[in-house]
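Inside the fold
As a plain string of letters, each chain reads:
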Amino acid sequence: MVEIRFHGRGGQGAVTSAELTALAAIEEGKFAQAFPSFGPERRGAPVMAFVRVSDERIRTREKVYEPDIVVVLDPSLLQIVNVEAGLKAGGLVVLNSAKGVEELRRETGIKARLATVDATKIAIETMRLPITNTTMLGALLKASGIIPVDALRGPIQHRFGPIAEKNLTACLRAYDETSVEG
């Protein structure tokens, strides 16, 4: 089983990212679950969402305490949230950042394996909005390989309707541009 924790801010699509990942995994014949973790926060407040993907039935329903992968939609969260908290040994952080790995390590102290992509730039250039949820899904799938990136096509089309193509374009571009360490 692969457990993923998304970090974002209210309104950025972390919960949507988790749901789309789970739906795509299910379309690939896997078992999956997605759920948010937030209270009465408002737009812009830090939120988390979780995903589990497995080849076998998932029996646990609790929060993900020790993720294999952490996805950070908003790099400003690195200043206020310990995104590596609970990350399993050998875990992966998939980060929205224009900075290089060494600079990020110096500034943040992240020790985990890193995958980076400038998702904000891609989202603005592709969709004209700095909403990075589908863009970061491309980065997640490039870095992890948990499901093929094409598995997102159906869930994204269903969720976004007339703007699905822009979201798919951003997702695929991020998949191509993600730099994965190691």
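Every chain is numbered on its own, with residues counted from 1 as its sequence reads. It should be noted that, the model being predicted, local features are given only for residues of pLDDT at least 70 and side-chain atom pairs only at 80 or more, the latter also being counted only at that level, while totals for whole chains, interfaces and linings use all residues. With hydrogens and water excluded, all non-hydrogen atoms of the structure serve as input to the side-chain values.

Take the confidence of the model for the chain next. Note: pLDDT gives the predictor's confidence per residue, expressed from 0 to 100. Per-residue confidence for the chain gives a mean pLDDT of 94; residues scoring 70 or more make up 97%. Here a helix means four or more residues in a row that DSSP labels H or I, a strand means two or more in a row labelled E, and each is numbered from the N terminus. Taken element by element, the predicted model of the chain shows its lowest mean pLDDT in helix 2 (residues 101-108) (90) and its highest in strand 4 (residues 69-72) (98).

Right, let's talk about the layout of surface pockets for a bit. Residues are said to line a cavity or pocket when one of their atoms sits within 4 Å of a point; the points come from a 1 Å grid over protein atoms alone, cavities being sets where a 1.4 Å probe fits but cannot get out and pockets being open sets with protein on both sides within 12 Å along at least five of seven lines. Grid points are joined across faces, edges and corners, and a volume is the space filled by probe spheres set on the points. Its boundaries defined by the atoms lining it, the largest pocket holds a volume of some 180 Å³. Polarity classes work like this: nonpolar for Ala, Val, Leu, Ile, Met, Phe, Trp, Tyr, Cys and Pro, charged for Asp, Glu, Lys and Arg, and polar for all others, with Gly in that last group. When the residues that make up the lining of the largest pocket are grouped by side-chain class, the tally is 5 nonpolar, 6 polar and 1 charged. Approximately 150 Å³ is the volume found for the second largest pocket. Contributing to the lining of the second largest pocket are Pro75, Ser76, Leu78, Gln79, Asn96, Ser97, Ala98, Lys99, Leu104, Glu107, Thr108 and Asp118. Looking at which element gives the most residues to the lining of the second largest pocket, the answer is helix 2, with 3 residues. Its residues assigned to classes, the lining of the second largest pocket shows 4 nonpolar, 5 polar and 3 charged.

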